Amino acid sequence: MFGQYLADGIILGSTLALGAIGLTLTYNILNFANFAHGSLLTWGAYFAWIIVVAFGGVQGATFGPLSFGWPLVVALLFTAVMTSILAIIVDWLVFRILRKTNIQVSLVIASFGASLLLRNLVVVIFGPEPQYYSENIQIAREIFPGVRVTPDQIFVVCLSIILVILLHLFMTRTKLGKAMRATADNTSLAQVTGININNIVRWTWIVGASLAAVAGVFFGLTVQILPEMGFNLLLFLFAAAILGGVGSIYGAILGGMVIGIAADLSVLFISPAYKPAVAFTLMILVLLIRPSGILGEKTR
Amino acid sequence: MQKHLKKTLVASAVISALSFAPMAAQACTTTIGSVMALTGSLGALGQSIAKGAELAVDTVNKAGGVNGCTLKMNLRDDQTNPAVGVAAAKQLVDINHVPAIVGALSSGVSMAILTSVTAPSHVVQISPSSTSPSFTELAKEGKTGGYWFRTAPSDALQSVAMAKEARANGLKRVAVIYVKNPYGEGLAGEFSSYFKKMGGEVTASVPYNPNQPSYRSEVSSALQGDPQAVFLIGYPGDGTTVAREWISAGGPQVFLLPDGLESQKFVNDVGPRYMKKVIGTAGGSVKTPSLTIFKNDFKAKYGNYPTQAYMTNAYDAVMVIALAMEKGHGTSANVIKDNIRQVTGMAGEPVYAGVKGFEKAARLIKEGKTFHYVGATGPLTFDKYGDVSGPMAIWTVKNGKVEQTGMMSVKEIDAIIKKYGH
């Protein structure tokens with residue numbers, strides 16, 4: 001059973017990792033804990049759902065054993081763009097103004113308000129009922145003895161790995177990525193060297209929101225699409241980001257994986273009723289030993 | 001807070017307006033209490049269930065009141081929160097000195113009120129919708145003092161029906177996945193005990209928490225032991241995820257489903273083609289003239305027909321209290337407690353709901369004749385633990401549609417309980 005629980009954990013961990021990256025990026029560069037991040041996941045899932053439903057009539061072939069065809073690929077691109085636009089609009093309407101006051105708490109509380117607003121907007125537009133990208137349910141196949149996964153789940157894990165590698169290349173090899181890291185390290189110094197902070201803020205939202213959107217689609221693909229999905233995931237995302245070390249992208253990936261795997265493996269030892277507690281107990285333990293998180297920088 | 005306060009004020013204003021309607025020109029008033037979830041997670045249901053209770057108050061007053069006095073119901077909001085519910089009940093008992101409380105809705109809130117307010121203060125409590133079997137256990141231990149009643153049948157009956165149906169369909173090994181709350185725990189526990197006594201085996205009993213990101217590991221552990229079917233106890237939202245993950249993980253596509261999942265939306269979302277066999281149970285109903293009277297009276301008062309479960313149970317709860325006070329010529333808690341079984345059951349002439357029904361009951365009491373009230377939910381027979389029994393509907397999914405296939409009568413269920421009971 002160990003292998004099965006490990007596989008279950010990795011699948012959930014991939015979704016959490018992508019979501020946590022966006023959270024840690026906004027924290028690092030914009031300097032506040034964005035509670036509205038969960039709602040970006042939700043909106044990402046619903047934007048993609050619109051496309052999948054719109055193409056539902058013409059959707060014929062699916063990619064091999066996967067449950068979806070090209071509409072979902074279009075949907076992934078569409079939702080990345082739309083969720084980024086949504087994030088920039090929210091930033092422009094709310095956070096841009098509050099950033100000037102420089103009071104962190106008001107930003108955090110405002111993000112909580114924005115989160116409630118965005119979530120309820122989903123209910124108003126799409127209704128409270130759960131939705132699915134496909135009516136079909138994939139039956140899991142045995143890939144290793146005792147480990148059964150569905151093709152969609154393998155796709156989710158693989159695409160997550162690809163996205164993380166692309167993000168790594170973006171942050172280390174491109175001028176924009178380097179500028180983002182510079183801003184995160186020291187905003188004033190970055191500004192002095194001629195980096196356009198407003199541009200960096202915009203790109204932070206685009207990268208964070210796009211990854212959140214993809215994470216939302218992944219969750220919709222492997223679980224379900226629900227107005228509360230982002231909000232329910234939010235605590236786990238925060239746990240992942242904090243566990244890995246707030247501000248560290250690689251920490252967020254690691255944190256997501258640790259939280260996902262630990263929660264699912266815990267079922268081996270204790271009743272699943274206490275599963276949610278495991279992730280947070282682990283987070284507290286790590287913070288007691290290493291207050292900056294596993295990969296966090298000591299200076300922060 | 002202010003919103004709740006406003007609602008409560010409006011509610012009490014409405015009630016007092018009704019109570020002092022010209023029909024009832026009596027000088028005296030008799031006040032009973034009610035604690036219901038008007039806000040919080042059960043708020044949407046509670047608002048309508050309260051209407052059922054208010055209709056009964058209205059009906060009694062139109063029929064001349066209780067012992068010639070106007071009946072008044074002091075309705076409080078518990079916000080679906082045990083702490084708030086206890087505070088409200090305490091006020092009703094200590095300050096308003098009510099002899100009976102109708103409520104609460106959620107089993108969690110009802111249990112808190114029963115153990116810390118009504119049972120210690122010897123005040124009658126009748127819940128219209130708390131179905132957890134733990135109340136029966138409490139009554140067996142003598143901790144309710146006989147002051148506890150409910151007009152909705154306990155989930156214990158449903159577990160009996162489900163265990164029986166599962167065995168009748170040749171199932172021997174069943175996994176149970178249940179939502180971790182009094183509803184899920186009660187149903188899962190009772191089902192397991194009966195199913196084992198009937199020669200079945202529960203291969204795994206796995207609780208799950210609502211609103212979790214994924215239920216794959218719960219499903220994985222439930223699949224251990226090679227079950228032939230899964231008894232999934234929950235509500236449509238998370239229940240759908242669990243069911244889909246069960247199918248996806250290669251679990252047998254044979255589902256045992258309780259009343260909480262008797263929903264077409266649930267079946268559509270899971271996909272009927274993945275549900276090869278469905279055995280469902282839910283509270284059934286007996287059609288009585290009282291139900292028609294209730295529906296018409298409801299339409300006359302609120303402009304629309306009642307649409308939701310447990311409204312009739314709330315109506316019956318108030319009617320039973322009023323009849324017991326009338327029969328016992330008093331308004332104290334003990335009069336109500338001792339006379340509830342005198343006005344229900346099977347003996348004597350049947351009396352139906354509505355103004356005419358209450359008038360008829362009052363006349364029969366004057367003439368010294370026995371009668372029994374047939375409720376809008378069906379005939380009510382309270383056992384010594386304050387429970388009513390009711391028939392259980394058996395349902396399934398046929399051609400993608402939820403469909404009732406049969407009814408397990410009270411007699412059948414009683415026979416099984418006697419045979420295997422504990």
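Higher on the page you've got the structure.
Attention here is on the structure that accompanies the text. Computed from a prediction, not measured in an experiment: that's the story for all the values here. (Residues numbered from 1 in each chain as written. Chains lettered and ligands numbered in written order. Predicted model: local features only at pLDDT ≥ 70, side-chain atom pairs only at ≥ 80, totals over all residues.)

1. A word on the overall build of chain A
And step 1. Summing up its helical and strand segments, chain A has eleven helices and two strands in all.
And step 2. Secondary structure of chain A in N-to-C order comes out as α-α-α-α-β-β-α-α-α-α-α-α-α.
And step 3. Its C-alpha atoms give chain A a radius of gyration of 19 Å, near enough to 19 Å, the size a compact globule of 300 residues would have.
And step 4. With respect to the principal axes defined by its C-alpha atoms, chain A has extents near 55 × 45 × 35 Å.
And step 5. Across the 300 residues in chain A, those meeting the buried criterion constitute 49%.
And step 6. For chain A, long-range pairs separated by at least 24 residues make up 78% of all intrachain contacts whose partners lie at least 6 apart in sequence. (Helix = DSSP H or I, 4+ residues; strand = E, 2+ residues; numbered from the N terminus. Rg over C-alpha atoms; globule rule 2.2 N^0.38 Å. Buried ≥ 20, exposed ≤ 12 C-beta atoms within 10 Å, placed from the backbone. Contact = placed C-beta atoms within 7 Å.)

2. Focus: the packing of helix H1 (residues 2-30) of chain A against helix H8 (residues 216-223) of chain B
And step 1. Between H1 of chain A and H8 of chain B, the least distance of the axes is 9 Å, while the angle of their chain directions is 160°. Between H1 of chain A and H8 of chain B, the interaxial angle falls into the category roughly antiparallel. For H1 of chain A against H8 of chain B, the interelement crossing comes out right-handed. Seen from H1 of chain A, the contacting residues are Gln4, Tyr5 and Asp8 of chain A; seen from H8 of chain B, they are Arg216, Ser217 and Ser220 of chain B.
And step 2. Residue composition of the contact of H1 of chain A with H8 of chain B, by class: one nonpolar, three polar and two charged. (Axes fitted to C-alpha atoms, helices over the stretch in contact; angles between N-to-C directions. Parallel < 35°, antiparallel > 145°, perpendicular 65-115°, else oblique. Left-handed = near helix turned anticlockwise from the far one by under 90°. Nonpolar A, V, L, I, M, F, W, Y, C, P; charged D, E, K, R; others polar.)

3. So, the interface of chain A and chain B
And step 1. Counting residues at the interface gives 29 residues for chain A and 27 residues for chain B.
And step 2. Those elements that provide at least two residues to the side of chain A that touches chain B are H1, helix H9 (229-244) and helix H11 (275-289) of chain A.
And step 3. Examining the composition of the side of chain A that touches chain B, we find that four residues originate from one element, H1 of chain A, more than from any other.
And step 4. Here the side of chain A that touches chain B is built from residues that sort into 16 nonpolar, six polar and seven charged.

4. Focus: the pairing of strand S8 (residues 229-233) of chain B
Residue and element names in this part refer to chain B.
And step 1. The buried fraction of S8 is high, at five of five residues.
And step 2. Here S8 shows two buried faces, one formed by Ala229, Phe231 and Ile233 and the other by Val230 and Leu232.
And step 3. Bridge count for strand S6 (residues 173-179) against S8 is five bridges, and the pairing is parallel. Its bridge partner being in S8, Tyr178 is matched across the sheet by Ile233.
And step 4. The sheet contact formed by S8 and strand S9 (residues 254-257) spans two bridges and is parallel. Bridged to Val230 within S9 is Phe255.
And step 5. As a crossover connection, the stretch from S8 through helix H9 (residues 236-248) into S9 is right-handed. (Pairing = 2+ DSSP bridges. Right-handed = clockwise from strand over helix to strand, strands pointing away.)

5. Points about the sheet that holds strand S1 (residues 29-36) of chain B
Residues and elements named next belong to chain B.
And step 1. Strand order in the open sheet formed by five strands is S2-S1-S3-S4-S5, with parallel pairing between adjacent strands. The sheet terminates laterally at strand S2 (70-77) and strand S5 (148-150), the two strands that pair on one side only. Between one strand axis and the next, the sheet turns through 25° on average, direction left out of account.
And step 2. One ladder, built from three bridges, connects S1 with strand S3 (residues 100-103); its direction is parallel. Bridge pairing in S3 places Val35 opposite Gly103.
And step 3. Across the sheet, helix H12 (residues 311-328) touches S1, S2, S3 and strand S4 (124-127), and the angle it forms with S3 is around 165°.
And step 4. Along the sheet, helix H13 (residues 333-343) makes contact with S3, S4 and S5, crossing S4 at roughly 50°.

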